[in-house]
Each structure stands twice: as structure tokens, then as C-alpha cells.
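Remarks on the overall topology
Spelled out from the first residue to the last, the chains are:
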Amino acid sequence: MEFLDQPVELSLDLCLKCNICTTVCPVMAVTEAFPGPKYAGPQAGRFRGGEQLTPDASVDYCSGCRACNMACPAGVKIAEMNARARGALVEQGKVAPLKRLRNNLVARAATLGQVAQPVAPLANLAMGLKPARWAADVFLGIHHEAPFPPFSRESFTGWLRQHQAERRKAAPGAPGVGSVVYFHGCSTEYYEPRVGKAAVRVLERLGYEVIVPRQNCCGLPLLSNGEFPAARQYHENNVRSLLPYARQGIPIVGTSTSCTLTLKEEAPELLDMHDEATRLVAESTYDFNEFILASGRLTEEVLSQEIALRLPYHIPCQYRAHRIGKPGLEALSLVKGLSVVDGGHTCCGIAGTYGYKTEKYAIAQAVGAALFDWVTGFGAPLAVCDSETCRWQITHATGIPAIHPVELLSAAMGYAPEGALRDVLQLK
Amino acid sequence: MRIIPTEILVIGGGATGSGVARDLAMRGFQTVLVERGDLSEGTTGRYHGLLHSGGRYAVKDPLAAQECIQENRILRRIMPGCIEDTGGFFVQTPGDDPLYAEKFAAACQQSGIPCEDVSLKQMLREEPRLNPAITRCFRVPDGAADSFLAADLNAASARAYGATVLKYHPVLRLLTETTAGEDRRRVCGALCHDRIHDEEVEIHADLVINAAGAWAGQIAGSAGIAVQMIPGKGTMVAVNHRIVHTVINRLKMPGDGDILVPAHTVAVIGTTDVKVPDADNYAIEPWEVQLMLEEGEKLIPGFKKLRFLRAWAGVRPLYQEARWADQPAQNRDVTRAFVLLDHETRDGVAGLLTITGGKWTTYRKMAEVTVDKVCEKLNSPRPCRTHLEALPSAAPAQGGTGHAHSDAHSGMRTHSDGHAHSLGQRLAEIEREHAYGQLICECELATRRQVADAIRSGDVHTLDDIRRDVRLGMGPCQSGFCALRAAGLMAALAPADYLPAENGKMLRDFLQERWKGLTPILWGQQLRQERLNELMYLDVLNVDHLGEKAERRAAASQAADERPGDKPQSPASRRGTPAGETTLVIGGGLSGLSAAWQAARHGQSVTLISKGWGANHWGAGCVDLLGYAQGDLVQAPRQALQALIQAEPRHPYALAGLETIEQALHSLQTLCQESNYPLHGSLAQNWLLPTAAGALRPTCLAPETMIAGDCRQDGRMLIVGFEPFLDFWPQWIAGNLQQQGLEAEGVLLDMPGLRARKLVNGLILAGLFDQADFRRQVAAALQSVEHRRRLAGAQRIGFPAVLGLRHALEAKQHLESLLGAPVFEIPGLPPSIPGLRLHHILIEAVRKSGGQVFEGMLVTDKQARPAEGSNGPALEFVLSEAAARPKAHRAGRFILATGGILGGGYSAEADGSLHESALGLPLAAPQREAWLQARFLAAEGHAVFRAGLAVNAHFQPVNADGQVFYENLYAAGGAIGGFDPLRERSLEGAALATGYAVGAL
Ligand code: SF4
Ligand code: SF4
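Residues numbered from 1 in each chain as written. Chains lettered and ligands numbered in written order. Predicted model: local features only at pLDDT ≥ 70, side-chain atom pairs only at ≥ 80, totals over all residues. Heavy atoms only, no water.

**Digging into the overall build of chain B**
In plain terms, the rule: Numbered from the N terminus, helices here are DSSP runs of H or I no shorter than four residues, and strands are runs of E no shorter than two. Atoms considered for the radius of gyration are the C-alpha atoms alone. The globule rule reads 2.2 Å times the number of residues to the power 0.38. The cut-offs for exposure are 20% and 50% of the maximum accessible area for each residue type, with area from a 1.4 Å probe on protein chains only; residues under the lower value are buried, those over the upper are exposed, and the others partly exposed. In what follows, a contact means two residues having at least one pair of non-hydrogen atoms within 4.5 Å. Accessibility throughout is a Shrake-Rupley quantity obtained with a 1.4 Å probe, and a residue counts as covered only by protein chains that appear here.
Across its full length, chain B holds 28 helices and 44 strands. Against the globule reference of 30 Å for 1001 residues, chain B gives a C-alpha radius of gyration of 31 Å, in line with a compact fold. Its C-alpha atoms put chain B at 100 × 75 × 50 Å along the principal axes. The 1001 residues of chain B split such that 64% are buried. Pairs at least 24 apart in sequence give 72% of the contacts found in chain B among residues at least 6 apart. Accessible area of chain B: about 33,900 Å², with a carbon and sulfur share of 50%.

Okay, structure coming up:
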């Protein structure tokens, strides 16, 4: 089909005005501030461009969940169009300086992490202080209840160095089936190293040598805040560092579904990076579960432990946008005793950094309301979700801890679980 | 007969005529202007909108070039709201004569046209889509003009100075008299026909100015004066969006297709130049469109593949003293400079001046010269001031969106705010006012207020008049969504003598007018768009039968409703697909969902993948089985189906068989019953249910929320709409129902809670109706003093089909208990809330039966294994588009349910070929010339929409020899060709029956 090769803006020509996208947009359903995907995307698109100042601002309320893209029968790249329109707002200085500062703060998890992690207890204390949160709300527009997770004392890469050293000692030069690059993302590094640890263990059990090259933030938070030049910098760095592996045919695997989508598609598309190197990195990138399922090595034999739990599962928008089905759910279906149920909800509302913002917090909570009710009503001690910010949002709204599927896989392989999963399994 | 005396009569309401009228009025002459239709309905409104810098004529006709640049400067000053300062490029494409460039630069300098040499890098920075192989670029002060608005402002100014402007006053003939004692004739006025009041009007004048453009010859001829005009047809094609923001000219001697003008939201390429014998009768030839596309491709690589909105032509008023038949076929050499004919000196007939030729850019100059002559003739020298005084631009909006001004009778277009217009202006205004809930025309962002102002001006007589005022229906959907809204709004604002009969016709006329301009460029996505428009206006709204006195069978027996619950027999598994077989269904419309559901129920392991959602979201939410057979209303589907099956053995219904059709309906009824959303009806009878256009649609199964509207039954209806909801106009609906012999009244509820909302659409209303509180508010509003009387007189109450998404039945019953009368829903424009309900029920059913459903997956390729021994070729897997790399889907059985052109199952290309989208199966295409009917609503339907796959008795796609392409491939729904589900009103029935049959095979 021709439209696959079309640049984002040209895809507006495909729109039939048919309104299907409006039936699925979770934001339009809960707020009047957003006129909906058809209006903000292909419709407004015909009035943008040229020398003029970009004429519209309501597009900033698009959360970028891509539910519209998935439902559109014509192939209009609505969410991308919206993201680029927001980029134009930022570029033309139409976003107030303080708001922009705020956006940059919440969008730079890596910078934040680098500063805060060494003093994690202190930072967490500060983050927990009501007055501090209120101040941030009033002065910066970061909602005082925004679901920030606590910083982890230990960084993932810190653990990894030690782990790899031990491994070399235990089995020097053990032959494997091949190598994989693991893209851990900021959340694993600073907030949830347990996800990365589980991923490394699972990959190693499946016979892979795990390589973790230098990497920075995938840039998605910046992209979704319209900070395109900064995002480009991040993506260029990542491409530079991942390219040698891609060239050798080593797959790049990530547990954060939004990081992997950014590497695969979002960054090249939104930033118009169509060079060979970017393409090669994109084509070498896999979602963690997509990869291990395709490897054919995830057998019942390796998943030897039974986990007798029945858990609610939510597939993140950014995972659905890979358009590869539900590999997370599929992988978990192989675990003995485990039953994971997909509630079929569109979006949890958080959409990366969207739900942190004062003016959007309530929208994000309203978007996720049906999901939260369902999770709460499910009555399980845990929820399962592949994306970090969605996990934090679910936990924030329901009080129920949320874990990544890889944590269950790792436990099913007999590794000691951590965090909430450990508590739940210990109780049993 | 009325007689209007005046000093000067101007004939023609185009740029020239309105300009002349303004100049005359400003110089104090008593002036009447008559126009046969709407202002700028002729050539003025049918040109590409280029404000010439003069560059185009610099080499060939320096005089014309100088005139252009002078007028260009003046017009920018006096009508900034009509001019967009786009600037212009002259570019030299490969193959253009390189010597022309130097001549051009020098000639521009000589004529005083600023001309800047632009580096190619800079050119591409400004216009990145231009051909990188361009070798030279100059910048000149071209612009884009809004010729509709300009004519309006000129007319408004003329009125302000005391002139009278009479639209819809065609001249029947000039009036002449012979002065006693002399044998010299003189023109003393004109006999006109007032089309609005249908009466003749004589206008007596001292002097008549013939500014009728390409029709000037006809006017003069009516007084026996020969003025030889060569109507020169110029064809133009509009691109769906502004592919460039600068006017692009070719750096060569003027020729065909060498101008690309960004005009409002579109870009227009033009033109051809062909002499035609009759300025009112000409066709756009395929070669002309082809030529525009080819020339566009030279400027912008990929141009031919863009989406085109329309092709149209204007007739240039080219004057030539010699007989036109002696002229060469090519018109371009005829002078563009204008001519003023004084018929006293030329023909010996006093009292008449003809001003003709010229171009839009120089219209003011032409007016000036003409009125100078008038002064001379009447011996009353008065200086021209039109270049000094700005046109009465509409005042900036006063707290209203794009709401301009003004005197309600000025007839002035409402879309100027006095500033130079720019592309984003309308969007910026909508955003500033948060007026996104008030859009009548969503594509061109025309608000309710703008349309209402146009209607209230009293100067609007057709929907096309509104279009010229506010750009209604000029965007991608080409009136699909706005036509109904504007027709309804017109009825809501109707004067006392308003006739609903007129409005149904008005709507159809507008749709037809739009269709006319579409047919020359109808392929690809625009053809798909028109199929959606067909779905809305035929299938959902039944506008093609609006106004027909439907033969109503009184008191159709409810007994005919074979209630669901009498269990359908479980369908015989005809081919015996083993349980556990993996089945991949491609397509998420009704056919795909029912195939998936049936296959899953039969124990197959089912995955459904779909690019996006489909016709469920657009249709009426009923099951249309067969509504019309040979154009006749079907009352008893069973008999009509039997006849159809006999007559058309390849029809999907014939392949499925009556028994399967019935089982398919029953199974859906059972499912819906279990989902607490009963569908009623049977093969014995068709319902006849009202639509949001006030027409009556035949349908076989209707949800319980709709059936109280059955128009075969008597019962006075109260039709209730909601003030901010623009898709549903109760007065119009009721008026149209009355006209078909039904008792109905309309009421538009104005609820403060809704009015306070910025956005009220069907989805939002449905969400509200899911809440009992809102339902109580609605009931209270209807029981208020204002509406109580109407409510008391109603035996049933119709609402737009938005009575809840999740709890529709509950909402209906609750409303009935509150209001004390049966309540029914009336389907209208997409998104279809009743359709969404069915969609959710079916998705849930697939999942509950163990199937999986994935959206966002577009099948782009396949892998098949070749024939082996007695086994034919078979599909192994298909690939769907995904982030970074395609995803493979393996299955034992594949069901293609991708729909027709609308669903995206196949596409039709400019070259006349058809392509099956998912698997690349060959399709037989009807002749390109036979694709479309001249009439949009033609009962025969458009042949291109009947194309599709041929299938065998097992619904397996077969080639021309009847051989299956793949042993394990089946098709369902609109992917199957040979029938037109929209004309037959069999959309859901055919999808359901074939989906059921294939799924259960
Ligand atoms: S990306 Fe999500 S929030 Fe944005 S328009 Fe699409 S559906 Fe709505
Ligand atoms: S679903 Fe796609 S085609 Fe339909 S209105 Fe939305 S963007 Fe346009």
C-alpha cells in the first residue's frame, strides 16, 4: 500500500472524515479541552504549514496513545501528526516558558535519575513531602499527586557489572546460542532495576549472552513534549552506540515497550530520520516478549515453576502500537498455574509524562477510571503491565502493585522474585 | 411586471460587473446590477485565484504585464482581506527553454515587476516538495485571491453607495427604442426574469453596461448587435491540501497546466485553453485532467499520486473581432488585454457599452476605464476613486467566531476580518473561541454562525449559494457531512413560507452539484470518500427516496416478528472444517466479525486482524437485508430474496441460500438478545423507519430502540433534537415526514447543561444518555411549559440515535416511563452509536468464544505454497504492516473480509485498474468510462462499486476460469463483487450471511 511510505503530514490525504477515530479516543471522551483526533490531526493539518505561525493549540491535549491510529481504516498517522504539531508549538515559542521548563523536567528521567539516585533516600523523602509537591504543582505545574515512583538505591547497571563479573568467574567462556543487546531504559536504571535483572536472567537462561552497551534515554518523553531537537540528540546517541551490534546482526531487546517503539518507529518517523543507520537499528529492535517468543526457546521445560495466581493484565497503548499482537500475554500463557486476564481497556491515561501535569492530571485519571475499577474489582494482589509509567499509574490509582511480565517469567524459571511479586509469592 | 428606473444598468455579477457597479456608485451614478445567478457564479468563481504579478505576461505582452503589476499593488491595498500574500516563483523545469530565463528577468525589470533570483537551496527550503531537478527560480509578487469574497465586497460597497444588486435576475433581452425623427436605435434597459419571485422585471436605464463576460455576446445579440466572443474553456484541478504555499509558475512561454496556486486549503493547477461553442455547455475531457497531472508532476514529483478534490472549468471571455471559426484551435494567442466597446460608434446603437476580455487581476482597471467612458458619454466628468478607498472589509469578529459584521441585507460574505487572509486563519479563530463544537463544514471549518449569517442575509437560495459564501462542502468530504447539517439549519431558520419539499430537493441538488465536479478525478481515496458519502446518503439517510410517498401498509402485524428465542438450528458444517483448525480472518467489519464469531463457535482457533474498523461505525445499526429490488421498495424480504436468488445466481445471497441467511439473522438476534439489546424483525417484513433526513428506510432487523418509529404504523411523532447537536434537525425531519403523509412535529431542545458544553456530538450525547440523571433532565425539558403541549399531542417520540452506548435499552425504557409514550431512535451521520453497540457485542462474542481480535494490522503481503499433486496452491501466511518489520500470521484457513472500495478491500486507480489490497488477487475492472453515472443518486448505481472478487459456491475466490486462487482462502462481505449492497440496501445482510456461511464452513 502506498500510504505506508508516506510522510506523516501527507497521510492527511487519506482521511475520509469518517469519525471512527473519534469513537476510540480516550481523551476526547473525558474532556472538552480536546476536540478529538479527526479535528486535531487530518482536519487541522490542512490549515497548518507554510510561513505562518502554527494556528492551533488544543492539539497539545492529545496524549499520543495512538488508539486513533489503530482504529482508523484509512491509515492516517493521526498521533504522529499531532506530535509534530506540538513540536511546532514548542519550536515557535507558543508553549509558556515555565510550562516548557516543567515539560523538560518531567521528560528528562535520565538527568533526574543521575542527580537523584546517588541520594535516593533523600530524594525520595523530598518527593514524598507534601509541601514540596504542592510547590511543584503551583509553581511548575507538576501535579502534586502525580505518580512518581521512588528512586531505587541500586542502579541496574551497577548490579549488572557485579553480575557479569560473577558470571565470568563461574562459567568463563560458556558457549551460548548468541548475543543480545539489552536496552533497559531509564525506568529500569533508576526506579525498577528488578525488571532489568529479571530480563537478564531470563535471557541468560534461554542461552543468550547479554550485552548492555552505553545508552541514554530513548527520547520518547521529549518527543511527546514536542522537544524535538533534544530528542534527536538522544536518538542519534543511541543509534551511534547500538549500530555496531545491529550491523553484526545482534538483536536489540527491550523490556520497556515505549522505548522499543521509539527505537523501532517513533523517533525515525517523527524526526524524519530515514538514514541507513537509524533504519538498521530500528529493524534490529525487538520487544522483550516478542523476541523470546520468536526465539522458540521459551519452552514449558524452562518455565518449570508453577505460579498459582490469577492476575489482571493491561496492555499499554505503546505496546499495542507495535502492531504485533500481545506477546506479553502470550508468553505468560506458557507459565504453569498462572492465569492472566486482559481487561481490554484502551488506555490507563498516564501516556508517559502527560498525566504528571497539573492541567492534565485529572484527564489522565478519568481516562484510566474504567481500567482502575476493573483492576480493583479483580481482587488480585498484583496487576501486570508491560510499561513502567502505566504500572505506576495503575498502582497510584488502585493501590495495587503492578509488575512487568518478565518478573513472572523469571520467577517461573526459578529465580528469586523481588519487590511486590516476592511479597505475594512468599505469602502463599 | 415591475419596472425599475435607473441611470445605469450593469449586467453581470462577476468581478467586472461588481467592480463597475462599485465605481459607478462611488461616482454618484444611480446604478442597478443584475446577475443571472449568484455573484461570481460564472467565470469569476471558476478560476484558480491567481493575483498576477504580471510576470506571466512580461515577455509576451509587456502592456498587460504593466497593468497587472499596477493593479496588483492597488488590490493589495484596497482589499487586503481578499488577498493572501503567497509570493510567486517562476521555475525552470528540465526541458524548459533555458534562454527564456534571461528574457524573463529583463522583461520583468522593464515592466517594473520586482523579480528576485532565488537560489535553488532557498527555493527548496521554502517549498520542499518542488522538483529538485529545477534549474532556475525567480521570485515575483504573485498572490492568491479570494474572488468570491472580492465580488461580494465590491457589491457591498456598491450597495453602501446606493446601488441595487439583484441576484438571480437573468436578462431575457435588452430593451431598445428608436428615437422619433431619427432612425438610430438605442438601448434603454433590459427585461429580466426575477427567478426568486418568478416574475418579469423591466429595468429602464440611460445607459447599459454589458459586463456579462463570456456571455456578453448573447446579451448584445439580444439587441441585434454582433459581439464575437470566443468562450475559452480553462480546466483546473484542485489538490486536497496546500501542497505548496507559494504560487508556482513555469519559467516559459505561457502554456497549459503551468500554474499552481495555493488557494485557501487547496492547491489548484491550471489550466487548459480550449475554445468551446457554448459557454454554458462543455465537458471536462479526460485528456485535460491527464495533462494537468502530467504538468503538475514536472513541478512536484509524486503529484499524480496526490488526492484530488475536483476538476472544473471556467470560460474565459475572449473577444475577437473576426469570426471565431476562422481562428486556430489554440486560444492562448488571443489578446488577454480587455476591450471596451462603445456600440454607438461601433454599431450605431447608442446606450450600450460592452466591457470584456481581461483577467481578474485587472478587473478594477476595467471598471475604471468603463466608468470614465460613461462620464464621457453622459458628459459628466467625475474622477475615479476606487483605487483610493479600501473595500468595506468586514469588521473583526466581535466575540463571535469568524462572525463578521454587519448589515443583514448586505449579502456580504462572512469570512473576512479585514486582515490579509492566511491559511490558518479559520483554525486560529476556532481555537480562540473554542468553537470546535460548532462546525457545520468540518473540512473547511465553516461554523454554524457563519452559515446561519449567510442564510439570514436572505440572499441565499441554494446550498451552493452558502458554499460560495463560506466555502461549505469544498473540502475532502465534498459535502458528505455538511450538506445534511446545512439543509437542517436552513429549515430551522426558515422563513414562514419555507417549503420542506424544496429542502429535500435542495439537498439532492447540492450533492449533485458536488458530484459533477468530482467525476473527472474520481479514483483512489476520493472515490472511497464518495462511497462513504453514498453510504450516508443512500444507505443511512435514504435521501434518494426522500419525498416519495412511500406505500405504507397500515398496521403491519407485529405477529410477523418472529421473535428471537425460537432457536435457530445449529448450522450444518458443510465442509467439515476440523475443530482446532487455525483460522485467520482479515477484516473487522460485520462480515469479518461474524465469520470470526462463527468459526470460533465451531471450535476453530480464530484470530481476526484488521487495519481499522469499518461499516458498523457508519451504518444505521440495523440489519438491512434487501430494501430495494429494481428500485422498488421491498416490503416482504423473503419473497424478494427468492426472486433475487432466482434471477442472480452469482449474488452472494444466492450462494449463501435462504436457509443460511435466515440462520445468520437468527444467530445474531439470539446473541443480541443475550446481550440485552434485542433486534426485532424477520424475513416476513421490512420495517420502514425514519432517518435523520426525514426519509423512510426499509430494513429487516432493527434494534428495539428504533422500532416504535415504524412508519407503516400511524401515530403522531414528536421529533426531538438538541440545540448544540448539529447532525440532527428536528424541524427539517418533521417537515419532510409530513410531506410524506406522516404526522410529525419537531422540537429543538435548548438545555443549559448542553449549551454550556464546547463539544456536543453523538458520542458525548450517548455517554450522557447512559446516565439516568441526564434522561430525567431531558424529560423535564420536554415537560416544560414551552414544550408541554407538543409532548401531549405526541403518540411517539423520536430522538437522534444516541440513546446510550452501554445501556441503550434501559435508556429507552426509562425515557418511555418518564414521557409516557413510546420512544424511538433515528439514525443519522457517522459515527453510528447503534452500529457501535453491535460492534461491541460482536467483538465480545468473538473473544468469549476464544477468538482474538487485533486492530491496526494491515495485510500487505503473503506467502503461498505451490500446487502439489492433487492439492492446489495454498496460503501459508500473510504479513501485516508493523513497527520496524512486518508481522507474519500463519493459519490453516484464511478468510478475506476486507470489504469493497469503502472498506479498503480494493482500490481503483486513475488508469482504470482495480487492485485487491491484501493479497494482490487479480480483479476484473469495468471500463473506466463506465465507472460512474452522471447522477450521484442514480438508481442503477456506479459500476465501479460492483467490482470485486468472484467466488465459487464455497465462497472461495476464483479466477476468470473459475479456478480457486488458493485452496484455503475464502471471502465474505463486500470483498465479493457482483452486487451493490448500498443500492440494494443489503449491506449488513450480505455481510452477515456470507460471514456466517464462511465462518461455519
Ligand atoms: S493519540 Fe490518543 S489522545 Fe491523541 S488523538 Fe489519538 S486517540 Fe486521542
Ligand atoms: S478514522 Fe481515519 S479516516 Fe476516519 S476520520 Fe479518523 S483519521 Fe479520518
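That shown, we press on.
**Section: the interface of chain A and chain B**
Applicable threshold: What gets called buried area is simply the loss in accessible area from a 1.4 Å probe that two parts show on being joined, summed for both. Each reported salt bridge corresponds to a side-chain nitrogen of Lys or Arg within 4 Å of a carboxyl oxygen of Asp or Glu.
With 56 residues of chain A in contact, the opposing surface of chain B contributes 60 residues. Buried area between chain A and chain B, both sides added, is near 5,000 Å², and the carbon and sulfur share of it is 58%. Of all residues in chain A, E32, R46 and F47 of chain A bury the most surface against chain B, accounting for 16% of the area lost on that side. One can count four salt bridges joining chain A with chain B. Here R46 of chain A and E444 of chain B are joined by a salt bridge, their closest N and O atoms 3.0 Å apart.

**What to know about the pattern of salt bridges**
Residues and elements named next belong to chain B. Here the structure, examined in full by the defined rule, presents 88 salt bridges over all chains. Ionic pairing is found between K377 and E344, a salt bridge with its closest N-O pair at 2.6 Å. Of the two residues, K377 is situated in helix α9 (residues 363-377) and E344 in helix α8 (residues 343-347); the sequence distance between them amounts to 33 residues. Since its relative accessible area comes to 29%, K377 is described here as partly exposed. The class for E344 is partly exposed, based on a relative accessible area of 26%. A salt bridge links R776 to D773; the shortest N-O distance between them is 2.9 Å. With R776 and D773 both in helix α23 (residues 772-782) and three residues apart, the pair spans about one turn of that helix. Judged by relative accessible area, which is 43%, R776 ranks as partly exposed.

**Some words on the site of ligand 1**
Residues and elements named next belong to chain A. Inclusion rule: By convention in these notes, a residue is near a molecule or strand provided one of its non-hydrogen atoms lies within 4 Å of it. Each residue gets one label: Ala, Val, Leu, Ile, Met, Phe, Trp, Tyr, Cys and Pro are nonpolar, Asp, Glu, Lys and Arg are charged, and the others, such as Gly, are polar.
In the vicinity of ligand 1 there are 14 residues, among which C25, C62, C65, R66 and C68 approach most closely. For the shell around ligand 1, the secondary structure elements donating two or more residues are α3 (67-71) and α4 (78-91). A per-class count over the shell around ligand 1 returns ten nonpolar, three polar and one charged.

**A look at the nonpolar core**
Operational definition: Put simply, buried Ala, Val, Leu, Ile, Met, Phe, Trp, Tyr and Cys residues joined by side-chain atoms within 4.5 Å make one nonpolar core.
One finds L260, L472, F722, I797 and F799 of chain B to be the most contacted residues of the largest nonpolar core, which totals 264 residues. When sequence neighbours within four positions are dropped, the list of residues in contact with F722 of chain B reads L748, L749, M751, L754, L765, F769, V778, F799 and P800 of chain B. Residues A231, A267, C390 and A402 of chain A belong to the second largest nonpolar core, which totals 52 residues.

**Considering unusual backbone geometry**
With glycine set apart, most residues show a phi of negative sign, and most peptide bonds adopt trans. Residue and element names in this part refer to chain B. That bond from G270 to T271 is cis: its omega, -10 degrees, falls within 30 degrees of zero. Turning to its location among the elements, T271 is positioned in the loop between β16 (266-270) and β17 (274-275). In this structure, the amide linkage connecting P830 to the following residue, P831, adopts the cis form with an omega of 5 degrees. Structurally, P831 can be placed in the loop between β34 (823-826) and α26 (833-848). With a phi close to 55 degrees, Y168 is a non-glycine residue in the positive phi region. Tracing the chain through its elements places Y168 in the loop between β9 (164-166) and β10 (171-178).

**Describing the domain arrangement of chain A**
Residue and element names in this part refer to chain A. The condition that has to hold: Domain segmentation is taken from an automatic or database assignment of domains. Pairs of N or O atoms are called polar contacts if they sit within 3.5 Å, as long as, within protein, a hydrogen donor faces a hydrogen acceptor (for residues adjacent in sequence, only side-chain-to-side-chain pairs).
Along its sequence, chain A is organised into domain 1 (8-91) and domain 2 (309-427). Computed over C-alpha atoms only, the centres of domain 1 and domain 2 are separated by 28 Å. For the domain 1 and domain 2 pair, buried surface summed over both sides reaches about 1,100 Å², with 69% attributable to carbon and sulfur atoms. Among the ionic pairs, D60 bridges to K360, the shortest N-O distance being 3.0 Å. Inspection of the domain 1/domain 2 interface yields four residue pairs in polar contact (both at pLDDT 80 or more). For the side of domain 1 that touches domain 2, the class distribution of residues is nine nonpolar, three polar and two charged.

**Here we look at the site of ligand 2**
C15, L16, C18, C21 and C72 of chain A are the nearest of the 14 residues found near ligand 2. Mapped onto the shell around ligand 2, the elements with two or more residues apiece are α1 (20-24) and α2 (37-45) of chain A.

**Considerations on the environment of D770 of chain B**
Residue and element names in this part refer to chain B. Mapped onto the fold, D770 is located in the loop between α22 (762-769) and α23. Along the primary structure D770 and E674 are separated by 96 residues, whereas in three dimensions their C-alpha atoms are 19 Å apart. The contact partners of D770, leaving out residues within four places of it in the chain, are R775, G804, L805, R806, H807 and A808. At 2.9 Å, the side chain of D770 and the backbone nitrogen of H807 are in polar contact.

**Brief notes about the sheet that holds strand β8 (residues 143-145) of chain B**
Residues and elements named next belong to chain B. Condition: Pairing between strands requires that DSSP locate at least two bridges from one strand to the other.
Strand order in the open sheet formed by three strands is β3-β8-β4, with antiparallel pairing between adjacent strands. Each edge of the open sheet is held by one strand with a lone partner, namely β3 (50-51) and β4 (83-84). In this structure, β4 lies alongside β8, joined through two bridges in antiparallel fashion. Paired with E84 across the strands is A144, a residue of β8.

**A few points about the state of the cysteines**
Our working definition: Here, the term disulfide refers to a pair of cysteine sulfur atoms separated by no more than 2.5 Å.
Taken as a whole and judged by the stated rule, the model has zero disulfides over all chains. Of the cysteine sulfurs around C317 of chain A, a residue in no disulfide, the closest is that of C347 of chain A, at 3.5 Å.

**Thoughts on the domain arrangement of chain B**
Accessible area lost on assembly of the parts is the figure often given for the size of an interface. The domain architecture assigned to chain B consists of domain 1 (2-377), domain 2 (582-676 + 837-906 + 964-1000) and domain 3 (707-826). When each unit is reduced to the centre of its C-alpha atoms, the spacing between domain 1 of chain B and domain 3 of chain B is 50 Å.

**What to know about the side chain of T583 of chain B**
Along the chain, T583 of chain B turns up in strand β23 (residues 582-586). At 3.4 Å, the side chain of T583 of chain B and the side chain of R893 of chain B are in polar contact.

**A look at the packing of helix α16 (residues 590-601) of chain B against helix α19 (residues 658-674) of chain B**
Residues and elements named next belong to chain B. Here is the rule: Think of each axis as a best-fit line through the C-alpha atoms, taken over the contacting stretch in the case of a helix, with angles from 0 to 180 degrees between the N-to-C directions. Oblique is the label for any angle not under 35 degrees, not over 145, and not in the 65 to 115 range, which are roughly parallel, roughly antiparallel and roughly perpendicular in turn.
It is the contact of α16 with α19, at a shortest axis distance of 12 Å, that shows an interaxial angle of 85 degrees. The angle between α16 and α19 places the two elements in the roughly perpendicular class. Taken together, the residues of α19 that come into contact with α16 (itself represented by W597, Q598 and R601) are S667, L668 and L671. Class assignment of the residues belonging to the contact of α16 with α19 gives a composition of three nonpolar, two polar and one charged.

**Looking at the pairing of strand β24 (residues 605-610) of chain B**
Residue and element names in this part refer to chain B. Going by this rule: Orienting the strands away from the viewer, one traces the path from the first strand over the helix to the second; a clockwise path indicates a right-handed crossover.
Among the six residues of β24, five are classified as buried, and the element is accordingly described as predominantly covered. Here β23 runs beside β24; their pairing, made up of five bridges, is parallel. Bridge pairing in β24 places T583 opposite V606. Of the crossover connections in this fold, the one passing from β23 over α16 to the parallel β24 is right-handed.

**Describing a nonpolar patch on the surface**
Residues and elements named next belong to chain A. Here is the rule: Residues enter patches when they are more than 30% accessible in relative terms and free of salt bridges; like-charged ones are connected within 9 Å and nonpolar ones (Val, Leu, Ile, Met, Phe, Trp, Tyr) within 5 Å.
Nonpolar side chains collect at one region of the surface, where L98, L101, L105 and L112 lie side by side and expose about 320 Å² of accessible area between them. The greatest single-element share of the nonpolar patch, amounting to three residues, is contributed by helix α5 (residues 97-107). Overall, L98 belongs to the partly exposed group, its relative accessible area being 48%.

**What to know about the packing of aromatic side chains**
Put simply, the rule is: Planes of paired rings set the category: under 30 degrees apart is stacked, over 60 is edge-to-face and the rest tilted, where pairs are Phe, Tyr or Trp rings (Trp by its six-membered ring) whose centres lie within 6.5 Å. Any Lys NZ or Arg CZ found within 6 Å of a ring centre and within 35 degrees of that ring's normal is scored as a charge over the ring.
For the coordinates displayed, the defined rule picks out 21 aromatic pairs over all chains. Ring geometry for F148 of chain A and Y356 of chain A: centres 4.4 Å apart, planes at 40 degrees, overall tilted. Taken as a pair, F148 of chain A in the loop between α8 (130-140) and α9 (156-170) and Y356 of chain A in the loop between β6 (339-342) and α19 (358-378) lie far apart in primary sequence, 208 residues in all. An angle of 90 degrees between the planes, with centres 5.0 Å apart, marks the rings of F769 of chain B and F774 of chain B as edge-to-face. Ring pairing ties together the aromatic residues F90, Y100, F104 and F138 of chain B, which thus form one cluster. Over the ring of F481 of chain B we find K38 of chain A, and its NZ or CZ is 4.6 Å from the ring centre.

**Looking at α9 of chain A**
Residues and elements named next belong to chain A. The test is simple: In this analysis, the expected span of each helix is defined as 1.5 Å times one less than the number of residues it contains. As used here, the arc is the angular range of directions from the helix axis to the C-beta atoms.
With 15 residues, α9 should reach 21 Å at 1.5 Å per residue; the first-to-last C-alpha distance of 21 Å fits that figure. Among the residues making up α9, those that are buried are F156, W159, L160 and H163. Buried positions in α9, seen along its axis, are confined to an arc of 100 degrees and lie on one side of it. Turned more than 90 degrees off the buried face of α9, the exposed positions are R161, R168 and K169. Tucked inside the fold, the buried residues of α9 contact β1 (178-183), α10 (185-191) and α11 (193-205).

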